[in-house]
Amino acid sequence: MIGRLNHVAIVVPDLAAAASVYRDALGAKVSAPVALPTHGVTTVFVELPNTKIELLHPLGDKSPIARFLADHPSGGMHHVCYEVDDIYAARDKLKAGGARVIGDGEPKIGAHEKPVLFLHPKDFCGTLVELQQA
Ligand code: CO
């Protein structure tokens, strides 16, 4: 069912420092910071030949990643995002198998203007999984 790895998201305490790590130490192509107020994050996109890394930092009072950063002050891997051909079919199949979809279960428009939803880490090997419509 799942297809390509769309991105890996890493929450970081200092976006400029993290961008420097990926640009200067690792030699990757790194975007300028992009504020995504509706998602409560500022993101730096790192382009790799076969996928992307998204460096995330909380934006605003109600950022969904504020607690993660409080719990992991040095930062850490937050989620992986897999592409699916049909997000509704994927959701229904996973729910029928007992997997938990976070929130109200309805896909939301994600950072890439495509429908996404998140699956509970307890059902997926301790990893928060984002599904994105391909
Ligand atoms: Co993501």
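Caption draft 1: Focus on the coordination of the cobalt ion. Binding of the cobalt ion to the protein goes through His 7 (NE2), His 79 (NE2) and Glu 130 (OE), at separations of 2.0 to 2.1 Å. If you list the donors of the cobalt ion from N- to C-terminus, the spacing comes out as H-x71-H-x50-E. One end of the pair, His 7, is in strand β1 (residues 5-11); the other, His 79, is in strand β6 (residues 76-84), with 72 residues separating them in the sequence. His 79 carries the same exposure label as His 7, and that label is buried.

Caption draft 2: Looking closely at the nonpolar core. Residues Ile 10, Ile 53, Leu 55, Leu 119 and Leu 131 are the most contacted members of the largest nonpolar core, which totals 23 residues. Listing elements by their share of this core, those giving two or more residues are β1, α1 (15-25), β4 (41-47), β5 (52-58), β6, α3 (87-96), β8 (115-119) and β9 (128-133). The biggest single contributor to this core is α1, with four residues. Setting aside residues no more than four positions away along its own chain, Ile 53 makes contact with Val 8, Ile 10, Tyr 22, Val 44, Phe 45, Val 46 and Leu 48. One finds Val 41, Leu 56, Ile 65 and Leu 69 within the second-largest nonpolar core, a separate group that totals eight residues.

What counts and what doesn't
Along each chain, numbering runs from 1 in the same order as the chain's sequence is written. Only residues with pLDDT of 70 or above have their local features reported here, since the model is predicted, and side-chain atom pairs are shown and tallied only from 80 upward, although totals for entire chains, interfaces and linings are computed over all residues. Side-chain numbers here rest on the full set of heavy atoms in the structure, without hydrogens or water. Distances decide who is a donor: an N, O or S atom must be within 2.8 Å of the metal, or within 3.2 Å for Na, K and Ca. Water is not included, so sites may look incomplete. Comment: elements are numbered from the N terminus, with helices defined as DSSP H or I runs of at least four residues and strands as E runs of at least two. Each residue's exposure class comes from its accessible area (1.4 Å probe, protein chains only) as a fraction of the maximum for that residue type: buried when under 20%, exposed when over 50%, partly exposed otherwise. Only buried Ala, Val, Leu, Ile, Met, Phe, Trp, Tyr and Cys residues count toward a nonpolar core, and they belong to the same one when joined by side-chain atoms within 4.5 Å. Two residues qualify as a contact provided that any one of their heavy atoms is within 4.5 Å of a heavy atom in the partner residue.

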